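# Overview (structure and organization)
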Amino acid sequence: MQETRRAVLDAIADGPVSGPDLAARLEISRAAVWKHVEALRAVGFGVASTDAGYALDGVPDYGGPAVEFGLDAPFEVEFHPSLPSTNARARDLAAAGGTDVAVLADEQTGGRGRLDREWASPAGGVWLSVLCRPDLPPARAPIYTLAAAVATTRAVRAEGVDAGIKWPNDVLVRDQWNGNGSGNENENENNENKGSEARERKLAGILTEMQGEADRIAWIVVGIGLNANVDSDDVPLRATSMREAVGDVDRRGLVQRLLGEFDALRTDPDSILPAWREFAFTLGRRVRVETARETIVGEAMDVRFPGTLVLETSEGRVSVSVGDCEHLRPATNGR
Ligand code: BT5
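Residues numbered from 1 in each chain as written. Predicted model: local features only at pLDDT ≥ 70, side-chain atom pairs only at ≥ 80, totals over all residues. Heavy atoms only, no water.

## Structural notes on the pairing of strand 4 (residues 101-108)
How we decide: Residue burial is assigned from relative accessible area. The probe radius is 1.4 Å, only protein chains are included, and a residue is buried under 20% of its type maximum, exposed over 50%, and partly exposed in between. A helix here means a DSSP run of H or I that spans at least four residues, while a strand means a run of E at least two residues long, and both kinds are numbered starting from the N terminus. With the strands pointing away from the viewer, any crossover whose connection runs clockwise from the first strand over the helix to the second is right-handed. A pair of strands is considered paired only if DSSP assigns at least 2 bridges between the two.
The element strand 4 is extensively covered by neighbouring structure, given that seven of its eight residues are classed as buried. Read from strand 3 (residues 76-83) through helix 5 (residues 86-95) to strand 4, the crossover connection turns out right-handed. Two elements, strand 4 and strand 5 (residues 126-132), share five bridges in a ladder whose sense is antiparallel. Bridge pairing in strand 5 links Val101 to Leu131.

What follows is the structure, given as structure tokens:
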């Protein structure tokens with residue numbers, strides 16, 4: 001939001017302020033005050049004109065200015081009703097020199113996951129890409145993916161959704177009928193992995209893209225897809241939504257919390273791994289990790305900086321930095 005417009009908004013949020021007072025405080029003309037007030041009304045803010053002056057009496061439900069107003073993080077927020085992909089838009093902004101921008105869309109028509117997989121993005125979700133330029137070597141970029149997973153988990157937990165993280169980038173919800181996640185022996189007895197995966201549904205995924213220079217990240221785009229106010233019929237079978245878990249949520253507050261948490265984590269990198277471990281569904285589980293070269297099965301022991309999964313396998317300890325991870329059912333007697 002334009003700086004003076006934000007200052008007008010902040011001033012009238014604390015009670016009525018007369019036009020002349022506003023003009024004097026912000027060192028602009030009274031005509032300029034009026035223009036800013038009209039512009040705020042045009043994007044959905046309620047601005048009452050009372051005898052005592054202008055007063056804020058309504059904030060739009062969602063959108064760029066709505067999320068920016070009251071946001072405790074230094075991001076400019078750009079909102080689009082529909083975009084092919086917020087990550088693609090953020091990459092364009094990166095190419096144009098932008099930074100600390102959060103791109104939001106109500107729906108995406110060409111949303112993408114990792115390896116160019118399709119990402120269902122119906123209207124009502126939170127499709128968000130954060131562009132920043134951290135002073136980090138490219139090899140440390142995965143810590144940003146972990147930070148985004150932690151921020152997303154905290155934001156959805158604050159809405160009452162009991163979510164956790166699957167390495168490296170999925171936020172999952174356990175099906176209520178099997179809250180402990182340790183396996184219901186009557187289900188899918190013959191299929192170790194399908195049985196277990198069906199009990200955890202994907203609520204959010206993260207796609208991190210970046211451009212690196214020799215020893216420093218030029219820009220990084222962290223794309224977060226969160227099934228907020230969408231029907232579970234409109235996302236894949238093994239996915240779920242906040243609507244399904246707790247009903248519709250206030251997306252403005254949700255995104256503000258998510259961005260605030262993400263900003264706090266990126267400025268305190270040492271706090272990321274402990275928080276990730278706290279929310280991890282993966283640690284202590286038997287997992288199968290598919291990398292570009294091999295398939296590794298083992299017990300997930302730990303995650304290490306900047307996001308490496310440590311597995312105990314039949315051939316010893318193995319560390320994996322990139323791959324698709326599946327939670328397996330715990331081994332049962334006789335197997
Ligand atoms: C991810 O990929 O989980 C990363 C998803 C990132 C999406 C965000 S939305 C904002 C930004 N703009 C974009 O274009 N992308 C980012 P991956 O781990 O590869 O998982 C992809 C798989 O998840 C698909 O193959 C489907 O099986 C499943 N899937 C697709 N849409 C889904 C949805 N809405 N919810 C849950 N699972 C979904």
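Now that the structure has been shown, the text picks up again.
## Description of the nonpolar core
Heads up, the rule is: Throughout this description, the term nonpolar core refers to a set of buried Ala, Val, Leu, Ile, Met, Phe, Trp, Tyr and Cys residues connected via side-chain atoms within 4.5 Å. Throughout the structure description, domain borders are defined by an automatic or database domain assignment. Should any heavy atoms of two residues lie within 4.5 Å, those residues are considered in contact.
Membership of the largest hydrophobic core comes to 62 residues, with the highest contact counts inside it found for Leu259 and Phe262. Tallying contributions element by element places helix 6 (residues 142-157) first for this core, with ten residues. Per-domain counts for this core show at least three residues from each of domain 2 (64-279) and domain 3 (286-327). With near-sequence residues (within four places) excluded, Leu259 lies in contact with Val67, Leu71, Ala73, Phe75, Val77, Ala102, Leu128 and Val130. Ranked by size, the runner-up nonpolar core spans 14 residues in total, among them Leu9, Val33, Val47 and Phe69.

## Topic: the domain arrangement of the protein
Rules: Each of two parts loses accessible area, computed with a 1.4 Å probe, when they are put together; buried area is these two losses added.
Domain boundaries in the protein define domain 1 (3-58), domain 2 (64-279) and domain 3 (286-327). Between the C-alpha centres of domain 2 and domain 3 there is a distance of 22 Å. Listed by partner, the interface residues are 21 residues for domain 2 and 19 residues for domain 3. Together domain 2 and domain 3 conceal approximately 1,600 Å² of surface at their shared face, both sides included; 52% is due to carbon and sulfur atoms.

## Section: the sheet that holds strand 7 (residues 170-174)
Two strands in a sheet stick together by hydrogen bonds in their backbones, pointing the same way (parallel) or opposite ways (antiparallel). Going by this rule: Only the stretch in contact is used when fitting a helix axis, every axis being a line fitted to C-alpha atoms; angles between N-to-C directions are given from 0 to 180 degrees.
Judged by pairing direction, the sheet is mixed, and its seven strands sit side by side in the order 3-4-5-9-8-7-6 without closing on themselves. Every interior strand has two partners, whereas the edge strands, strand 3 and strand 6 (163-166), have only one. Geometrically, the sheet is characterised by an average inter-axis angle of 20 degrees between neighbouring strands, direction not taken into account. Here nine bridges tie strand 8 (residues 200-212) to strand 9 (residues 217-226), and the two strands are oriented antiparallel to one another. Among the inter-strand pairings, Gln211 is bridged to a residue of strand 9, identified as Trp219.

## Some words on the sheet that holds strand 13 (residues 316-320)
With antiparallel pairing, five strands are arranged side by side in an open sheet as 13-12-11-10-14. Each having just a single partner strand, strand 13 and strand 14 (324-327) make up the two edges of the open sheet. With direction set aside, neighbouring strand axes in the sheet form an average angle of 45 degrees. Relative to strand 14, strand 10 (residues 286-290) is paired through four bridges, and the arrangement is antiparallel. Residue Arg288 lies in a different strand from strand 14, and its bridge partner there is Glu326.

## Remarks on the site of the ligand
Stated formally: Nearness of a residue to a molecule or strand requires only that one of the residue's heavy atoms be within 4 Å of it. Two N or O atoms count as a polar contact when they lie within 3.5 Å, although within protein this holds only if one can serve as hydrogen donor and the other as acceptor, and sequence-adjacent residues are included solely when both atoms are side-chain atoms. Here the open area of atoms and residues is found with the Shrake-Rupley method and a 1.4 Å probe, where only the protein chains shown may cover a residue. Both cavities and pockets are sets of points on a 1 Å grid over the protein atoms alone; in a cavity a 1.4 Å probe fits but cannot get out, in a pocket the set is open with protein on both sides within 12 Å along at least five of seven lines, and lining residues sit with an atom within 4 Å of a point. Assignment of a molecule to a cavity or pocket requires that more than half of its atoms lie within 2 Å of the corresponding grid points.
Close contacts around the ligand come from 27 residues, with Ser85, Arg112, Arg117, Lys202 and Asn227 the closest. At 2.8 Å, a side-chain N or O of Ser85 approaches an oxygen atom of the ligand. One of the backbone N or O atoms of Ala120 is found 2.9 Å from a nitrogen atom in the ligand. In isolation the ligand has 800 Å² of accessible area, and contact with the protein removes 89% of it. Among the detected pockets, the ligand sits in the largest pocket. For the shell around the ligand, the secondary structure elements donating two or more residues are helix 5, strand 5, strand 8 and strand 9.

## With respect to helix 10 (residues 272-279)
Under the convention used in this document: The arc under discussion is defined with respect to the helix axis, by the directions toward the C-beta atoms.
Among all positions of helix 10, only Ile272, Leu273, Ala275, Trp276 and Phe279 are buried. Buried residues in helix 10, looked at end-on, bunch into an arc of 160 degrees, giving them a common side.

## Some details on the pattern of salt bridges
Put simply, the rule is: Salt bridges are defined as contacts in which a side-chain nitrogen from Lys or Arg sits within 4 Å of a carboxyl oxygen from Asp or Glu.
Scanning all chains against the criterion turns up 24 salt bridges. Note that Arg157 is salt-bridged to Asp162, the shortest N-O span being 3.7 Å. On the basis of relative accessibility, which here comes to 32%, the residue Arg157 falls in the partly exposed class. Glu200 is the salt-bridge partner of Arg285, the closest N and O atoms lying 3.0 Å from each other. Here Glu200 lies in strand 8 and Arg285 lies in the loop between helix 10 and strand 10, a separation of 85 residues in the sequence. One exposure class covers both Arg285 and Glu200, and it is buried. One salt-bridge network, held together by shared partners, links Asp100, Asp263 and Arg266.

## Some words on the layout of surface pockets
Left-over empty space is what a probe sized like a water molecule reveals as it rolls over the atoms. The line we're drawing: Grid points are joined across faces, edges and corners, and a volume is the space filled by probe spheres set on the points.
Of the volumes computed, that of the largest pocket is approximately 780 Å³. What lines the largest pocket is a set of 41 residues, among which Arg117, Trp119, Asp170, Lys202 and Gly205 lie closest to the centre. For the lining of the largest pocket, the secondary-structure elements that each account for two or more residues are helix 5, strand 5, strand 7, strand 8, strand 9 and strand 14. Sort the elements by how many residues they give to the lining of the largest pocket and strand 8 lands first, with seven residues.

## Observations concerning the packing of helix 6 against helix 10
Using the following cut-off: Roughly parallel refers to an angle under 35 degrees, roughly antiparallel to one over 145, roughly perpendicular to one between 65 and 115, and oblique to any angle outside these ranges. Helix crossings get a hand from a simple test, with the near helix turned counterclockwise from the far one by less than a right angle marking a left-handed crossing and a clockwise turn marking a right-handed one. Residue polarity is assigned by list, with Asp, Glu, Lys and Arg as charged and Ala, Val, Leu, Ile, Met, Phe, Trp, Tyr, Cys and Pro as nonpolar; anything else, Gly included, falls into the polar class.
Relative orientation of the contacting elements helix 6 and helix 10 amounts to 55 degrees, with a least axis distance of 9 Å. When the interaxial angle is binned, helix 6 and helix 10 end up oblique. Viewed along their axes, helix 6 and helix 10 form a crossing whose handedness is left-handed. Contact residues: helix 6 offers Ile143, Leu146, Ala147, Ala149, Val150, Thr153, Arg154 and Arg157, while helix 10 offers Ile272, Leu273, Ala275, Trp276 and Phe279. Of the residues contributing to the contact of helix 6 with helix 10, the split by class is ten nonpolar, one polar and two charged.

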